[in-house]
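The chain contents come next:
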Amino acid sequence: MIVDRRTGVARMLTESLGSLGALFAWDIIVVLIFQLAHRSWMDQPALPVSLIGSALVLFMSVRNTTAYNRWWEARTLWGSVVNNSRSFSRQMATLLGGAPELTRAMIGFGHALRGGLRGVDVTPEVQRFLTPELAARVRGRRNQANAILYEIGVLVRVQALERKIHPAAQAEIDRMLSDLANAQGGLERIRNTPLAIQFSTLPRLLVRVFCLILPLSMVQDLGWITPFGSTLVGFLFVALDEIGGDLESPFEDSPHAVPMLAITRTIEIDLLQALDEPAPEPMLPARGVLP
Amino acid sequence: MIVDRRTGVARMLTESLGSLGALFAWDIIVVLIFQLAHRSWMDQPALPVSLIGSALVLFMSVRNTTAYNRWWEARTLWGSVVNNSRSFSRQMATLLGGAPELTRAMIGFGHALRGGLRGVDVTPEVQRFLTPELAARVRGRRNQANAILYEIGVLVRVQALERKIHPAAQAEIDRMLSDLANAQGGLERIRNTPLAIQFSTLPRLLVRVFCLILPLSMVQDLGWITPFGSTLVGFLFVALDEIGGDLESPFEDSPHAVPMLAITRTIEIDLLQALDEPAPEPMLPARGVLP
Amino acid sequence: MIVDRRTGVARMLTESLGSLGALFAWDIIVVLIFQLAHRSWMDQPALPVSLIGSALVLFMSVRNTTAYNRWWEARTLWGSVVNNSRSFSRQMATLLGGAPELTRAMIGFGHALRGGLRGVDVTPEVQRFLTPELAARVRGRRNQANAILYEIGVLVRVQALERKIHPAAQAEIDRMLSDLANAQGGLERIRNTPLAIQFSTLPRLLVRVFCLILPLSMVQDLGWITPFGSTLVGFLFVALDEIGGDLESPFEDSPHAVPMLAITRTIEIDLLQALDEPAPEPMLPARGVLP
Amino acid sequence: MIVDRRTGVARMLTESLGSLGALFAWDIIVVLIFQLAHRSWMDQPALPVSLIGSALVLFMSVRNTTAYNRWWEARTLWGSVVNNSRSFSRQMATLLGGAPELTRAMIGFGHALRGGLRGVDVTPEVQRFLTPELAARVRGRRNQANAILYEIGVLVRVQALERKIHPAAQAEIDRMLSDLANAQGGLERIRNTPLAIQFSTLPRLLVRVFCLILPLSMVQDLGWITPFGSTLVGFLFVALDEIGGDLESPFEDSPHAVPMLAITRTIEIDLLQALDEPAPEPMLPARGVLP
Amino acid sequence: MIVDRRTGVARMLTESLGSLGALFAWDIIVVLIFQLAHRSWMDQPALPVSLIGSALVLFMSVRNTTAYNRWWEARTLWGSVVNNSRSFSRQMATLLGGAPELTRAMIGFGHALRGGLRGVDVTPEVQRFLTPELAARVRGRRNQANAILYEIGVLVRVQALERKIHPAAQAEIDRMLSDLANAQGGLERIRNTPLAIQFSTLPRLLVRVFCLILPLSMVQDLGWITPFGSTLVGFLFVALDEIGGDLESPFEDSPHAVPMLAITRTIEIDLLQALDEPAPEPMLPARGVLP
């Protein structure tokens, strides 16, 4: 996630540069043909461009809202993982009477979830927080995070039976695990369900076509300064298109992603400090981007 | 659900091809009449087309948002079925002390729900996961998924009485069944309530009319290149209309449907692995479409 | 609720017919005056019509979204009544150990709620599912559905005391009754709170005024074909206005209403089948309309 | 809340009358100056007015949506107070075994909440439903409704200890009180947080400025009929502005407010009837307005 | 939070003054060049400005909606802290049998949360409400509010064990702490996740560019009065941009922030009065701004 504005703008301009260069070159070609050859078929009226333009803007605002909502839902679900991890660690003390190895396993759950969503191997980071038995039990399971949650539940039961915890208290802990399972499932839903083609690829295509006909409709009025006007309008549309593209995949390894590394670090700190154990420092942004 | 972008765009173009061809043909006819006969009544001003166009775009963006929300709600409710199935399987271990036949029955519930929503017969897949007694009890019931959920609840009660499980724990499991009933009911609500006619058929009709008058208003300005301009604008509107149509029925047997087969397979894998039983492979997309 | 598309479109056209006829007549009058008398004050520019038109479209899209959300919320709350009725019937078996008379009373609750929302007398249908004592107790109460829910709660308590059910289980059943009370209250809120005048009557008025000035601004350009152009644009606006009007009262006795009869029938079937009692057939649409 | 459409439209026209009169007068002045003095600087092109107009409409549609959402959230939270009051009265019978004085106190809570939100003194209506001891305890507390809820909780505890009610049942009742506290807090949040200046006062200002320049841009085209065209467009914008203003303060003593008197009366009836006590009649609208 | 309308408008105008002055100066320069030098390249048509303008308005309305939703979510979560603090204080009396030191610690939680969100040191205000032991335990913890919540949970457990409180009641209190943890986590999520660059900095940039080309497109029509027209349109866009900027950081030390001081004061009053302790006066707005 980009947290520094200057970095963000610079990056956005850089990303649009290719499209803009191509657009500018095309504009120049159009102007040259028009000014040198005076093709009469270029005398198009303004109507279609204006109508298509309005339609495109509206279309993309719907699409960008959708992409942003996906991103924000992903961020909110990760926030829910943080909250519930904290509450779980509190319940270990208040309802179960202390179980540091389960609180630590919950940190491992956060890391496993992050690994699963981005599709990277985080086994060392996960196993650092699991007891050897737990690590052995979840090995080879397709969905690591789900397996850890399951085994935490089983261990809570073991402790509850040993310490004669009342089933009402155990049920309350189990409900927290269900809340975590819901957050996990929501995150997996977002990852597994790409934004519908109709809202991702089609707008991109339409913007390209629009940029191609843009100078054609401007050149008879603007003449030699067409490239400037056309590129300016084109930038607006290309930028709108970039926004949606940036936000639609919140777990990819991109500077626009949800900062999962920083979030799991927050879980680590808060849960370790509750156990009075030494905790690492919070993650800092690197060159304006929080990983 | 289409997961491959190239497939998606190709499919969208193919689906629009018929409409576009008809539109192009009509454009040619209009141009020929205009250029050869110079009918003076064709000299319409641009106003109505531009106004109707803006109105249509706005109308369809409302409608597409609505259709997309239906689709996404359906996907979210299926996600909720996945989460609650996992949590239920965990509760079988943590609160009930192990009940593999009930966890397996929950896999059957997912398949039965899928069958009911799409209106296909999934009896073999469902019964593979039910005990013979359970299979016998739900036979002939109108709503298979609801019946399985009901019988699971009854079996939980039997186990709870046998094993002297505390009623608080049993109530917690029952609440999970209520959450599953809510997700099921939500999915049935979406299937049983088609998108209001006003948001589905009317826009389609209006787009057709709009495409008919489009070349009439362009021809006096664009002349011989009218078909290109008119077809381009027409494609934008036809595509917007297609989007809504694709998304409004999320359970139909179409490439745009919610991937219920893949989702129930996920449930199968996660629940079987929790029981240490052999699990099938995840469903893979076939030619860009996840079934 | 209209479930057949052809019926829906036919009905929509029929409903708009009066407005369209009046509009067409007015258009003809304007053209005749203009063509025969050439009143110079009719030479209005296009600006106000285009601006008013865009404003109206946007205004009505907000209003239609609001009306649709009301309708969909009503449908969702009825869905919630279905889900919770099913879960309640399951809890009668799982938490209370079987209480057919209470499950049957819950069917009565659905019917009473439907009667209260539409303002029709459903006493026979309700009482068919109540024991004589229960029927006697709720007689004369202003809010029948609420009274039935109250008395069900009291009867659950009686059974729970008799059978020595643990209070945790009884509390869980009581929570289900609270969920049903929430759904009922939400439905009553929608019925008792008409859509604000500003979003219902004002747009209708503005559309009428707009349709009156529409031909005035078109006639100097379109001449004799004004009625066709003006009626086409007018239809778009009248149709947009109809949509909101159709959806804003989801419980009225209209083909656009939430299909409460079909929904309560669904409850009847699912709850009776769970009791192994003979159940009626699902409600079928009559001439494209599900009642 | 206005429940009669005719009243509503009449009221809306009356409220806009002042603005419209001023606007019409200004239009006349502009026309006179233009027609008599033919100031050349009045020959402005249409562009800025059309652009500003579209911008304003969009701006106000966002604002009106926001204002409407506030109003509807307020109505929904009051609905939640109704539902939870009913459920609380049921729980008094089902979980606590009957406590009429607590059910009556809950009616007092509704009245106290209404008084606090509107800022009026409702002490007599509140105290009519409280026992003398309870009335004495809440006297002098800043937040009457919150104090009553607190004391109800304390009295539930006293009863629960006396009658040996299981803590699980008492906890369930306490949760209902928490739900009521949430609804109360939500209502207070809406009252204490006026709609942001940017969404309330700024649009009003901009509409005024827009109405001032409107005739200036129309007069050279419309001539003597400018006042009619300009006032018509102006009315659209003034009406859009009125809508937001009407809805943004849902608890003020205005005909557009949430009908809190009728809602608390509903609570009164439903709770008294559940106690088999005589209940008043439902509140009726007075001259089209439900108080 | 600005609660006085006059203050709000004055402030908004002041904040826009710099931008408006610069815009006005640029407008004057453009007019002078045009009128004195009659550069022919200044004869640009209106199309791009109108199209860009519509696009920008739509873009910013999406963005302002997003910023407002963030603000309102922040306010709602603080409202949730208020509600849950009240319910917690009630539970101390009803479920735990009185624990003034824990109710007081909850006031400290509110202050700590406020300090953490704004990044100011509130140690004295927090410690005033904590027992010395509790204050010592949370010292040095990175997340003060979370640490207080954790320790409150531990102290509830101690009391529950001492007084033989049933685990079901303790679990209910623990759930309230989880709700508070959720509200806290939600607030931290909003603070830690700035509005995406694409929705904050990009619009600001585009508005600037738009204001630069605005007079260029108006000057050939408006001549000497260009600065007035251009500045008026420019103000609309600058104001729209300001709105988003004001609302996007709800916890910063700005007059537009959520009034966290007033909210924590409300918690203080309500909780102290419930303990029959002397409470401070509610926070009053200072020069139209509630801190």
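Conventions adopted
Residues numbered from 1 in each chain as written. Chains lettered and ligands numbered in written order. Predicted model: local features only at pLDDT ≥ 70, side-chain atom pairs only at ≥ 80, totals over all residues. Heavy atoms only, no water. UniProt positions renumbered as here; feature names shortened; annotations may be inferred. Helix = DSSP H or I, 4+ residues; strand = E, 2+ residues; numbered from the N terminus. Rg over C-alpha atoms; globule rule 2.2 N^0.38 Å. Buried < 20%, exposed > 50% of the residue type's maximum accessible area, 1.4 Å probe, protein only. Contact = heavy atoms within 4.5 Å. Areas by Shrake-Rupley, 256 points an atom, 1.4 Å probe, with all protein chains shown as cover. Lys, Arg positive; Asp, Glu negative; His and termini not counted. Charge placed at Lys NZ, Arg CZ, Asp CG, Glu CD. Core = buried A, V, L, I, M, F, W, Y, C linked by side-chain atoms within 4.5 Å. 1 Å grid on protein atoms, 1.4 Å probe; cavity = no way out; pocket = protein on both sides within 12 Å on 5 of 7 lines; lining within 4 Å. Points joined across faces, edges and corners; volume = space filled by probe spheres on them. Nonpolar A, V, L, I, M, F, W, Y, C, P; charged D, E, K, R; others polar. Least-squares fit on C-alpha atoms with pLDDT ≥ 70 in both. Phe/Tyr/Trp six-rings, centres within 6.5 Å; stacked < 30°, edge-to-face > 60°. Lys NZ or Arg CZ within 6 Å of the ring centre and 35° of its normal. Buried area = accessible area lost by both parts, 1.4 Å probe. Salt bridge = Lys/Arg side-chain N within 4 Å of Asp/Glu carboxyl O. Polar contact = N/O pair within 3.5 Å; in protein donor to acceptor, adjacent residues only side chain to side chain. Patch = residues over 30% accessible without salt bridge, like charges linked within 9 Å, V, L, I, M, F, W, Y side chains within 5 Å. Axes fitted to C-alpha atoms, helices over the stretch in contact; angles between N-to-C directions. Parallel < 35°, antiparallel > 145°, perpendicular 65-115°, else oblique.

- Naming follows an unreviewed UniProt entry, where chain A appears as Bestrophin of Lichenicola cladoniae.
- Reading the Sequence similarities (unreviewed entry) entry of the UniProt record for chain A gives the comment "Belongs to the anion channel-forming bestrophin (TC 1.A.46) family."
- The UniProt entry for chain A carries the following comment under Subcellular location (unreviewed entry): "Cell membrane".

1. Considerations on the overall build of chain A
Then step 1. Assigned secondary structure in chain A consists of 10 helices and zero strands.
Then step 2. Counting from the amino terminus, chain A carries its helices and strands in the arrangement α-α-α-α-α-α-α-α-α-α.
Then step 3. Computed over C-alpha atoms, the radius of gyration of chain A comes to 26 Å, more than 25% over the 19 Å expected from 2.2 N^0.38 for 291 residues, which places it beyond the range of a compact globule.
Then step 4. Across its three principal directions, the C-alpha atoms of chain A cover 90 × 30 × 30 Å.
Then step 5. When each of the 291 residues of chain A is scored for burial, the buried share is 62%.
Then step 6. In chain A, 77% of the contacts between residues at least 6 apart in sequence involve partners at least 24 apart.
Then step 7. Counting only carbon and sulfur atoms, one obtains 59% of the accessible surface of chain A, whose full area is about 10,400 Å².
Then step 8. If you average the places of the 27 positive and of the 27 negative side-chain charges in chain A, the two averages end up 3 Å apart.

2. Observations regarding the nonpolar core
Then step 1. If you look at the biggest cluster of nonpolar residues, it comprises 446 residues, and the most contacted ones within it are Trp78 of chain A, Trp78 of chain B, Trp78 of chain C, Trp78 of chain D together with Trp78 of chain E.
Then step 2. In this view, tryptophan 78 of chain E contacts Gly110, Leu113, Arg114, Leu117, Leu187, Phe251, Val258, Met260, Ile263 and Thr264 of chain E; residues no more than four positions away in its chain are not counted.

3. A look at empty space enclosed by the protein
Then step 1. A volume near 290 Å³ is recorded for the largest cavity.
Then step 2. Forming the boundary of the largest cavity are 25 residues, of which Arg175 of chain A, Arg175 of chain B, Arg175 of chain C, Arg175 of chain D together with Arg175 of chain E lie nearest the centre.
Then step 3. Broken down by secondary-structure element, the contributors of at least two residues to the lining of the largest cavity are α7 (167-192) of chain A, α7 (167-192) of chain B, α7 (167-192) of chain C, α7 (167-192) of chain D together with α7 (167-192) of chain E.
Then step 4. In terms of residue class, the lining of the largest cavity is built from 10 nonpolar, five polar and 10 charged.

4. Remarks on the relation of the copies chain A and chain E
Then step 1. By a simple turn and slide, chain A fits onto chain E: the slide is 0.0 Å along the axis, the RMSD is 0.0 Å, and the turn is 72 degrees. Expressed as a symmetry operation, the mapping of one chain copy onto the other fits a five-fold axis. No C-alpha of chain A approaches the rotation axis more nearly than that of alanine 168 of chain A, which lies at 4.7 Å.

5. Some details on the arrangement of the chains
Then step 1. If you take every C-alpha in chain A and every C-alpha in chain D, the smallest gap between them is 9 Å, and the two do not touch.
Then step 2. If you take every C-alpha in chain B and every C-alpha in chain E, the smallest gap between them is 9 Å, and the two do not touch.

6. Focus on the packing of aromatic side chains
Then step 1. Counted under the stated rule, the structure contains 15 aromatic pairs over all chains.
Then step 2. With a centroid separation of 4.7 Å and an interplanar angle of 50 degrees, the aromatic rings of phenylalanine 210 of chain A and phenylalanine 237 of chain A are classed as tilted. Of the two residues, phenylalanine 210 of chain A sits in helix α8 (residues 197-222) while phenylalanine 237 of chain A sits in helix α9 (residues 226-247), which places them 27 residues apart along the sequence. With respect to class, phenylalanine 210 of chain A is no different from phenylalanine 237 of chain A; both count as buried.
Then step 3. Here arginine 141 of chain D stacks its cationic end above the ring of tyrosine 150 of chain D, 6.0 Å away from the centre of that ring.

7. Section: the relation of the copies chain B and chain C
Then step 1. Under the fitted operation, chain B is carried onto chain C by 0.0 Å of movement along the axis and a turn of 72 degrees, and the coordinates agree to an RMSD of 0.0 Å.
Then step 2. In this assembly the copies use different faces: only 7% of the residues contributing to the interface of chain B also contribute to that of chain C.

8. Things to note about the interface of chain A and chain E
Then step 1. Listed by partner, the interface residues are 60 residues for chain A and 56 residues for chain E.
Then step 2. The junction of chain A with chain E conceals about 5,000 Å² of combined surface from both sides, 67% of it contributed by carbon and sulfur atoms.
Then step 3. Our count for the chain A to chain E interface comes out at five salt bridges.
Then step 4. Taken together, the links from chain A to chain E amount to 13 residue pairs in polar contact (both at pLDDT 80 or more).
Then step 5. Among the secondary structure elements, those contributing two or more residues to the side of chain A that touches chain E are α1 (5-37), α2 (47-94), α7, α8, α9 and α10 (260-274) of chain A.

9. So, a nonpolar patch on the surface
All names here are of chain A.
Then step 1. A surface patch of nonpolar side chains, amounting to about 640 Å² of accessible area, comprises Phe24, Ile28, Leu32, Leu36, Trp224 and Phe228.
Then step 2. It is α1 that provides the largest number of residues to the nonpolar patch, a total of four residues.
Then step 3. Of note, leucine 32 is situated in helix α1.
Then step 4. In this structure leucine 32 comes out as partly exposed when scored by relative accessible area, which is 37%.

10. Quick word on the interface of chain B and chain C
Then step 1. On the side of chain C, 60 residues touch chain B, which itself brings 56 residues to the contact.
Then step 2. It is Leu51, Arg142 and Tyr150 of chain B in chain B that bury the most area against chain C; as a group they hold 13% of the surface buried on that side.
Then step 3. There are five salt bridges connecting chain B and chain C.
Then step 4. Among the salt bridges present, the one from aspartate 174 of chain B reaches arginine 90 of chain C, with a minimum N-O distance of 2.9 Å.
Then step 5. There are 13 residue pairs in polar contact (both at pLDDT 80 or more) connecting chain B and chain C.
Then step 6. Counting residues per element, the ones that place at least two in the side of chain B that touches chain C are α2 (47-94), α6 (144-162), α7 and α8 (197-222) of chain B.
Then step 7. Across the side of chain B that touches chain C, the residue classes tally to 27 nonpolar, 18 polar and 11 charged.

11. Some details on the UniProt feature "transmembrane region" (unreviewed entry) in chain A
Then step 1. Within this numbering scheme, the UniProt entry marks residues 12-34 and 46-62 of chain A as carrying the feature "transmembrane region" (unreviewed entry).
Then step 2. For residues 12-34 of chain A, the end-to-end C-alpha separation is 32 Å, with 100% helix and 0% strand making up the annotated structure.

12. Looking at the environment of alanine 257 of chain C
Residue and element names in this part refer to chain C.
Then step 1. Inspection of the secondary structure assignment puts alanine 257 in the loop between α9 (226-247) and α10 (260-274).
Then step 2. Among the residues examined, alanine 257 registers a relative accessible area of 2% and is labelled buried.
Then step 3. Distance from alanine 257 to leucine 247, taken between C-alpha atoms, is 7.4 Å for residues 10 residues apart in sequence.
Then step 4. Here alanine 257 is in contact with Met1, Trp71, Arg118, Pro250, Phe251 and Glu252, once residues within four sequence places are set aside.

13. Details of the packing of α8 of chain A against helix α9 (residues 226-247) of chain B
Then step 1. Contact geometry for α8 of chain A and α9 of chain B: axes closest at 12 Å, N-to-C directions at 175 degrees. One finds that α8 of chain A runs roughly antiparallel with respect to α9 of chain B. Along its contact with α8 of chain A, which presents Gln198, Phe199, Leu202, Leu206, Val209 and Ile213 of chain A, the element α9 of chain B presents Leu232, Phe235, Leu236, Ala239, Ile243, Asp246 and Leu247 of chain B.

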